[in-house]
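The primary structure of each chain is shown beneath.
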Amino acid sequence: MALRLPLLTSIFLLFSCLAHSQTPSLKPFKDDLFAYPGTLSSENNGAYTVVDYRELRDINARDKVPERRAQAQYVDTGVRKVQQDLLLKTDAGNIRHVAVGRTQGAGIIVLYLHGQGGSRKQGVDDFTFGGNFNRIKNLMAGNGGLYLSPDFSDFGDTGAAQIAALIGHYTEQSPGAKIFVACGSMGGALCWKLAARKDTGGRIDGLLLLGSLWDESFFSSPAFKRRVPVFFGQGSRDPVFPVEKQEAFFRSILARSKNYPTRFVRFETGTHGTPIRMTDWRGTLNWMLSKAP
């Protein structure tokens, strides 16, 4: 019975809104500070949105040291009390990862997979990217959830197998959890590989592509067949992955399935790292929770 109590508690926290609604919802954390600064245009009933982004306001005014340290009001470091640097031994290899929140009995699990040159430390840095990683950490800790930021060997099959093993381990610890995978930049290659695998493609509940790439193989994946929600955040001036190609891929999803649960947020004048800084974690995850298979 002792092992069941954390699970019951986390389910209560995550689904406490059910008395008023049939859709689970994460409770707020600094929503006013992290809200999108303004909408320039919107199409497809809000599925495609162009957001106003300005470097002087959204970096220089938001950061005490631009791109290195967010202003204090954007951050709450008390969450470090429930943060652990761990090593999981699996058949796919040893996986170093940082876990924030409930490692057992979580109601929701969010993973962040870094891009080229990154590490598990990027996804838990409280002060870079305007404090947005600190926000997702606090959102998970405050909602009976778990946030994971892992290392992995590569962006190919080996890396995908390692992340699949990590997901499998924590799924066993939290069998009722909804699982969402966010991929920054080249990490998106792993998002698409996880969607294509029978195990993870049949288990994950949402994908977030942040300044990332596209993959036509998604259309034959278990995740696509399950109608797993997909979110795209892209800067209009991304020099690595052109926004036009990602927009075309987004529209191709809707062309194949008119009502497929997908959203695209274009940050006007934003560059490669802008979506990691600016994406509204709570708004996006609450939408995904409402659409999860």
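The residue count restarts for each chain, going from 1 along the sequence in the order it is written. Restriction of local features to residues with pLDDT of at least 70 applies here, the model being predicted, together with a cutoff of 80 or more for giving and counting side-chain atom pairs; totals for whole chains, interfaces and linings are based on all residues. The side-chain quantities take in all heavy atoms of the structure and omit both hydrogens and water.

Participant: Help me get a handle on the overall build of the protein chain, residues and values and all.
Facilitator: Helices and strands together make up the secondary structure of the protein chain, namely eleven helices and twelve strands. As a reference, a globule follows 2.2 Å times the number of residues to the power 0.38, and the radius of gyration itself is taken over C-alpha atoms. Here the C-alpha atoms of the protein chain give a radius of gyration of 18 Å, agreeing with the 19 Å that 2.2 N^0.38 yields for 293 residues. Seen along its three principal axes, the alpha-carbon backbone of the protein chain occupies a region of about 50 × 45 × 45 Å. The buried share of the protein chain, taken over its 293 residues, is 53%. Working rule for contacts: check all heavy atoms of both residues, and any pair within 4.5 Å makes them a contact. Considering only residue pairs separated by 6 or more positions, the protein chain has 74% of its internal contacts joining residues 24 or more positions apart. For the protein chain, the accessible surface area stands at approximately 12,700 Å², while carbon and sulfur atoms represent 50% of it. Neither His nor the chain ends contribute to the count of charged residues, in which Lys and Arg are positive and Asp and Glu negative. To locate a charge, take NZ of a lysine, CZ of an arginine, CG of an aspartate or CD of a glutamate. Between the centroid of the 36 positive side chains of the protein chain and the centroid of its 26 negative side chains there is a distance of 5 Å. Under the DSSP-based scheme used, a helix requires at least four consecutive residues in state H or I and a strand at least two consecutive residues in state E, with every element numbered from the N terminus. Only protein chains enter the accessibility calculation, which uses a 1.4 Å probe; a residue is then buried when its area is under 20% of its type maximum, exposed when over 50%, and partly exposed in between. All accessible-area figures derive from a Shrake-Rupley calculation using a 1.4 Å probe, and residue coverage is judged against the displayed protein chains alone.

Participant: Provide a residue-level description of the state of the cysteines, including the pertinent values.
Facilitator: By convention in this document, the label disulfide applies to cysteine sulfur atom pairs within 2.5 Å. Inspection of every chain in the model, using the stated rule, returns one disulfide. Across the disulfide, Cys183 is cross-linked to Cys191 (sulfur-sulfur distance 2.1 Å). The chirality of the disulfide connecting Cys183 with Cys191 is right-handed, given an S-S dihedral of about 90°. You'll find Cys183 and Cys191 in the same group, each marked buried.

Participant: Could you give me a rundown of the pairing of strand β7 (residues 108-113), with the residues and numbers involved?
Facilitator: Each regular strand carries side chains that alternate between the two faces of the sheet. With six of six residues buried, β7 is to be regarded as a mostly interior element. Across the two faces of β7 the burial is the same, with Ile108, Val110 and Tyr112 and Ile109, Leu111 and Leu113 all buried. Following DSSP output, two strands are said to pair if at least two bridges run between them. Two strands pair when backbone bridges link them, and β7 and strand β9 (residues 178-184) are joined in this way by six bridges, in the parallel orientation. In the strand pairing of β9, Val110 is matched with Phe180. Both β7 and strand β8 (residues 146-150) contribute to a ladder of three bridges, which runs parallel. Residue pairing across strands places Leu111 opposite Leu148, the latter belonging to β8. The parallel pair β7 and β8 is bridged by helix α4 (residues 132-141), and the resulting crossover is right-handed. A crossover counts as right-handed when, viewed with the strands pointing away from the observer, the path leading from the first strand over the helix to the second turns clockwise.

Participant: Give me the nonpolar core: which residues, what numbers.
Facilitator: By size, the foremost hydrophobic cluster in this structure holds 49 residues, and its most contacted members are Ile109, Leu111, Val181, Trp192, Leu207, Phe218 and Phe232. If near-sequence neighbours (up to four positions away) are discounted, Leu111 is found in contact with Leu148, Ile163, Leu166, Ile167, Ile179, Phe180, Val181 and Ala182. Definition used in this section: a nonpolar core is a set of buried Ala, Val, Leu, Ile, Met, Phe, Trp, Tyr and Cys residues joined via side-chain atoms within 4.5 Å. In terms of nonpolar packing, the next biggest core, distinct from the first, is built from 31 residues, Tyr53, Ile59, Met278 and Trp281 among them.

Participant: Describe the sheet that holds β8, with residues and values.
Facilitator: On the basis of which strands lie adjacent, the open sheet formed by ten strands has the order β1-β2-β12-β11-β10-β9-β7-β8-β6-β5 and mixed pairing. A strand with exactly one partner marks an edge of an open sheet, and here the two such strands are β1 (39-43) and β5 (83-90). Direction aside, neighbouring strands of the sheet carry axes that sit 20° apart on average. Sheet analysis places strand β6 (residues 93-101) next to β8, joined by five bridges and oriented antiparallel. Across the sheet, Gly101 pairs through a bridge with Leu146, a residue of β8. Note on geometry: axes are C-alpha line fits, over the in-contact stretch for helices, and angles between N-to-C directions span 0 to 180 degrees. Across the sheet, α4 lies against β5, β6, β7 and β8, angled at about 140° from β8, the strand it touches most.

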